[in-house]
Each structure stands twice: as structure tokens, then as C-alpha cells.
There are 2 protein chains.
Amino acid sequence: MRNVQQEEINILHTPISALHTDTVFSFSLIKNDPSTAGRLGKILTSHGEISTPVFMPVGTQATVKTMSPQDLTELGAEIILSNTYHLFLRPGHELIREFGGLHGFMNWQRPILTDSGGFQVFSLADLRKITDEGVTFQSHLDGGAKHVITPEAAIGIQEALGADIIMAFDECIPYPATRDYAQEALDRTLQWAERCRAAKQDRGQALFGIVQGGMYPELRKRSAEALVATGFDGYAIGGLSVGETKPLMYEMVEATVPSLPEDQPRYLMGVGTPEDLVECVDRGIDMFDCVMPTRNARNGTFFTSFGRVVIRNARYERDPGPIDPECGCSTCRNFSRAYLRHLFNAGEVLALRLGTVHNLYFYLNLMREVRRNIELGTFGEFKKAFLAKRETLID
Amino acid sequence: MRNVQQEEINILHTPISALHTDTVFSFSLIKNDPSTAGRLGKILTSHGEISTPVFMPVGTQATVKTMSPQDLTELGAEIILSNTYHLFLRPGHELIREFGGLHGFMNWQRPILTDSGGFQVFSLADLRKITDEGVTFQSHLDGGAKHVITPEAAIGIQEALGADIIMAFDECIPYPATRDYAQEALDRTLQWAERCRAAKQDRGQALFGIVQGGMYPELRKRSAEALVATGFDGYAIGGLSVGETKPLMYEMVEATVPSLPEDQPRYLMGVGTPEDLVECVDRGIDMFDCVMPTRNARNGTFFTSFGRVVIRNARYERDPGPIDPECGCSTCRNFSRAYLRHLFNAGEVLALRLGTVHNLYFYLNLMREVRRNIELGTFGEFKKAFLAKRETLID
């Protein structure tokens, strides 16, 4: 066994840039947009490159619901996210380790990011007890068995899962929360982040810290600065999209980004709508994840260039057109609204897959457009036109 | 409007072989197996060729559950079956007609067969009232609305659905049934078959008659002879696999086949297990359909070369092997038993698709093997070895 104490000391005396010299992980900033804080970049991992800004489809239980790895590849997904909390409970991280981690288990050979389980412990588990040591909780699955997750455990689990990017264990607070509560949770999260960094042994993985601080700009700033002082491979903004208004969310992003390094990736967790993605790319975010495209698809609600299509609506009963005539996805190239509506009404499983293909294509294609416009230096105009169009949407 | 009465008279004075000279439909007998009644054939339809003996995946509601048309093409399915009763109720055959029939509606460009709705009216509908005219029933779907299906209506609906092969409307009796009841239903089915033939207007479709007669060999024979005298494009054997023993089912097939023409296809409806398929190819059957591979797949029960795999079984928890090491399907080439078990336990939709791919591959591959062995003149030996192996299966 390595001496974690010794390792920690060494790390503290090592320049940040040299922290993970033996990992493949790197971030290259390719271009800054001239009129916004938007930026084009590239993340290199041992499972391949990721062009940023990027949207990461969510594969909670080691599968992006309804999608095969081949479907995701055809959609152009460059990285997916999976949930540590769910996989810890079922099938268990030790089982997944035996399969060479998530990549081997689910047969997805491109990059993966796992969250730390923090968000789910605080949103799904029962009878939570938080101490400085970690969190004790009953799972929502296995008949209320008791589990403990410490920062060290969260790293150990994520090392077993073997994602390319792993996340520090954080305390997620509800909204609204008092400043005192937000600060207490933030302090604990910072301590946990340091423990995560010290506990991490697998040098093939990148570790991101998570900025918390509720809806308090000065706490967000302090959180970001403290994490950067500790040194991580990238920085996430957590605890947003929890019920606050859009302007407040954007304000928190703005309060955070200036304290984050230019030469490392920034990840806004659990966000969001197409508008959110464009607004936050504008504010300097590189990475996003959200269940919205996949979950909405399974409810029969589709994103289009002209607004939402709720496919069960009677107006689509005999509609021979595709979900979106401007869309190039395989669902739009092959199936009518009438057929999709029939599949949803009949409870057919194929409906969920065809809808998911469409919504993920919409999100991934939006990010391709975003990157192309940053490349061309036209992201500011793109954003203006995109948001203006969406304000006039019919739905 | 055409004069149906006149048409019927014309048909009665036309040699059977010239009945559908303007349809593309034809059956070519390529080879008879030397040691069994098995035969290799080819059916030509306006949507392509079908090599027989063939297994037809069931796509009840205009979709083979969990499969896209592309999946089916990759599996090598040459024809699928869809259910008139379900489509009549939802989304309605007139809607499907607007899309150019089922081919356009579901975007499947290969051959389709529709059943007549008879079986479902008798197995699913409530408050059935049968008269010589037709059947009045309440649907299982639309809050008990009352519907009437006559032989003429069954043909009209199937013409709207536009399948390549359509079926005469028949009365399906329960098992067991008295000889008197079986004979009464048979007589009505024969009258209905003649009315179906007279009602049929679309010459792009082939019409098959359905042999009934319960478990009474002499009724089966009489049914077959009467249908052949009327003249159809092919002949189905209905009312089997309804609870009778295997030997009794095979006996009914044996009682029927000798009365059917050598130069037309023979279709055993709703059958069956892999053993049934091999046993009934041996007895001269060319076409099969059954929900077993698709339904079992969705229950997590897989067909393999060494017996059934019930994937939720704890013994597969950490099993890195494919469902069947001898299988070449994309599921077995890409995913472990442990991963599939996890997907089933987690209630993930992808599980249903991956399982369906495997089971359909098993059935379609079995039929490829059957055809290859008839081609080689070795079907008798193949059958013996196949059945002997399956008798020793571990499950």
C-alpha cells in the first residue's frame, strides 16, 4: 500500500501543472470567442478526445437509457456520464471493476465521467446523517440497507468504475438555504475535496473539484479559489439548477468562472435547457450534462428548431412529417410524427429509443453548432439569433 | 365500384393457377428433402423474396417490439407479421392506408403478412357474438366500444394495411372442443373463406385460406380439401398450439399437409418452439410465426445452443461470457451475461432490445440452418442431431 500521508505531502510540494504527468488527461484551449467568454477546447483522455464545449448524455445505470453504445457513437457522443451512487448500489463497483471498469462492463470505448455520488446521496437516499467524516444513509433500493460514503470511499468507488474523469465528493444543499448553512456545507465540501485529492491513487483518471456555495456569490468565489489553490484537473460548478431562477443561476456561474484557471476545463453540473447551454457557453463553460433530452424523449416531448413537439398531441395523429423537418437524425429521416405518436400511444418500447435518438441529436448538434460558431468567431451572433428564435417558439 | 357478384362468378370459372396472374406473388418449390417432407422454396412478393422454410417475427402493433426496421434487416428477417385486430383498433386501418399501408407507416420495405384478426377477436375481445354474418365484439382497448368484423370487413381492413400476404377471416375455437362445435365452426370458416376470396379486390396481395377443424383429423382433411377447391394463394393451418399436446399438434399437421398443393406455400400459424419448427418443417411446413422469441426475450429468457438462459439467475451475476458462446448475434458479440443481467435487474429498456436481438437471431439462424440442410439433402440428420441435443439441455 502506498503511504497516503506521504503522497499528500508530496502533492502539496509539487507544481500544479505537474500533478498528473503520467496521466493522458489534458485540456487545450484552442480559441476564445472574441465577443463572449465562450471558448473552444479539446480534452484528451486515454479513451480519446473530447471537443468542448461538450454535452454529455447521462447514463445513470451504466446505460444511456434506450441507447446502445453503437447508437451513441452514431450520434457523435464523445463522452457520457454515469452515476456513482446508482452503480455503487447496483450492480456494485467491485463487480464493475472485474470487467475492467465501466468501459468494459457496458462496452463503451470512449471517455466516461462519473459523478461522486454526492448529489444522489442528498436527493435520493433516506435517513441521511452528515458528519465531517462522511455521509451515512439508507439506500432507495435495497430495502433500506445502511451505507456510508466518505470522500475516500467515493474516490475508491470511482477508481473501481474506472471513468476517465472522476469527481470530488461534495455536500449538496437544498434551495433555498441560509448563508450559514451554505457556508458550513461549503467548508465541509472543501475539506472533502482535499481528502479526495489525497485519496486518489489511479493516475489514469482526472479528478475535478466541485464549486459549491449556494446562491451566495462570495461563497462561490471563495469555493473556487480554495479548490484552485488545492489543485485539480478541472473544476465543476455544482448545486445549480436546483429550483433557482435562470438569472440567479447565470449570476452564480458569472461569480465563479473568473476564479477558475483559463487552461483547465469548467463543467456546469446537471444543466440544462438548450438556452442554458448557450447562455453558459457564453459565460465560459466547457462541459454540461443533463437528463433533460433523454427524460423528455421518454415522455414524448421533443426538442425542435421551432419549439417543443408533444407527440401525443392529437394534432399529430395523421401527420406524415418528421418531428423536425430541419433535423438530420435517423428518427427524422425514417419515421413520421403519426407513427411515433402511435408507438407512444401503444406503449411500444421502440418509441422511447426513437425519441431519445432525436433529442440527443438535437443537443449534440446544438453543441456542434456552438463549436463551429466559436471557431468562426461568430458565437455572439449565433447566440443572439438562437435565443431570439427560441423566444418566438410556438410551444 | 366493381360488381363483386360478377367477379365471384368469373373466379369460379377461372383455372386456379390463373387466379392472380397480375400479382407478383408466386411460390417456387426448389427442392424436396430426400428423407422427410421438408422442402426448400422461394416466395416472390412485390416487396422482395422470402426463402422458405421461414420464421416471421411478430410485429403486433406495427413494430416488432423493441426492434427498428434496420435491426430487423440486420438480423436477416425477410418477412414480418402484423396483427389486423390491433391495428384496426389502434391507430386504425384508414390512418395506415394514408401512409401507403404498413410498409410506409412503419418504414419496413420487405414483405409483410397480416393475420385476419380472427384469432384475436376470439382470444382478446369481450362479449363476442358470432353469427354466420360475422362477429360482434367489444374491444379490449377503447372502453368497450362495439365493433363488427365480417369476412368482407377483414379483407377491407387488410387491403388498407397493404400487406403482401393477407389471411381469410376464420373462427377460432377453444381447446378442447366437441366434434359438433368444431364442425360447425369449420363450416362457417369455409363459408367465410369463400366470402373473403370474393371480397378481395387488391391484386397486389396474396390471400391465404386457413384450415381449421379442431383436433379432428377428418375435419382437418375436409377443411383443407374444401379450401383447395375454392383456391387460394397459400394455405395456413390455424387453431393449433392452443393447449393440446405436441404429438396431437404434429398429428393435426400430418392430417392436413397431404391435402394441400405441392406448389403452394403452407403456413403453420402461431407455432412455436425451436423443436416445433424443426418437427413441422419435417412435416412439410414452409412458414411459421410465434411471439415466443420476442416475448421470452423481454422476460429475460434466452434460447441458446445449450438450453435456456434465464438471465436474472444469480449464477450469471459476474459472468463475463456472452449469452451463448456459439452465437454470432450483435448482443453476444458485444455484451456479457453480467451486463445483461444488470440491465434487466435495473429495469433498463436496452435489456429488452439486446435480448430480442439474441432470440430473433437464434430463430432466424435456426431457419438458415434448416434451409442449408435441406439444400444439402441432410435435413433428416440435422433434425435428429438437433432434437437429440435439445433433449439433453441443462435447463
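Preceding block: the structure.
A few points on the structure. (Residues numbered from 1 in each chain as written. Chains lettered and ligands numbered in written order. Predicted model: local features only at pLDDT ≥ 70, side-chain atom pairs only at ≥ 80, totals over all residues. Heavy atoms only, no water.)

1. Some points on the overall build of chain A
In terms of helices and strands, chain A carries 16 helices and 16 strands. The C-alpha radius of gyration of chain A comes to 21 Å, within 12% of the 21 Å expected for a compact globule of 395 residues. With the principal axes as the frame, chain A shows a C-alpha extent of 70 × 50 × 40 Å. Contacts spanning at least 24 positions in sequence make up 67% of the contacts within chain A whose residues lie at least 6 apart. With the model as given, the accessible surface of chain A reaches about 14,800 Å², and the carbon-plus-sulfur share is 51%. Side-chain charges of chain A comprise 40 positive and 49 negative groups, with the mean position of each set lying 5 Å from the other. (Helix = DSSP H or I, 4+ residues; strand = E, 2+ residues; numbered from the N terminus. Rg over C-alpha atoms; globule rule 2.2 N^0.38 Å. Contact = heavy atoms within 4.5 Å. Areas by Shrake-Rupley, 256 points an atom, 1.4 Å probe, with all protein chains shown as cover. Lys, Arg positive; Asp, Glu negative; His and termini not counted. Charge placed at Lys NZ, Arg CZ, Asp CG, Glu CD.)

2. Some details on the relation of the copies chain B and chain A
Between chain B and chain A, the superposition needs a rotation of 180° and an axial shift of 0.0 Å, giving an RMSD of 0.0 Å. Taken together, these values place the two copies in the relation of a two-fold axis. Closest to the rotation axis within chain B is the C-alpha of Val-349 of chain B, separated from it by 3.6 Å. A shared interface surface links the copies, since 100% of the contact residues of chain B are contact residues in chain A too. (Least-squares fit on C-alpha atoms with pLDDT ≥ 70 in both.)

3. Some thoughts on the sheet that holds strand β2 (residues 39-45) of chain A
All names here are of chain A. Here we have three strands laid out as an open sheet, ordered β1-β2-β3, and antiparallel in their pairing. Strands at the two margins of the open sheet, each flanked by one partner only, are β1 (26-32) and β3 (48-52). For this sheet the average axis-to-axis angle between neighbouring strands, irrespective of direction, equals 15°. Strands β1, β2 and β3 of the sheet are contacted by helix α15 (residues 349-376), whose axis makes an angle of about 120° with β2. (Pairing = 2+ DSSP bridges. Axes fitted to C-alpha atoms, helices over the stretch in contact; angles between N-to-C directions.)

4. Concerning the interface of chain B and chain A
In this complex, chain B contributes 37 residues to the contact, which on the side of chain A involves 37 residues. A combined buried area of about 3,100 Å² lies between chain B and chain A, and 55% of that area is made up of carbon and sulfur atoms. Looking only at chain B, the three residues that lose the most surface to chain A are Arg-318, His-342 and Glu-348 of chain B, adding up to 18% of its buried area. At the boundary of chain B and chain A, one finds six salt bridges. In this structure, the salt-bridge partner of Lys-65 of chain A is Glu-348 of chain B, at a minimum N-O distance of 2.6 Å. Put simply, chain B and chain A have 20 residue pairs in polar contact (both at pLDDT 80 or more) between them. (Buried area = accessible area lost by both parts, 1.4 Å probe. Salt bridge = Lys/Arg side-chain N within 4 Å of Asp/Glu carboxyl O. Polar contact = N/O pair within 3.5 Å; in protein donor to acceptor, adjacent residues only side chain to side chain.)

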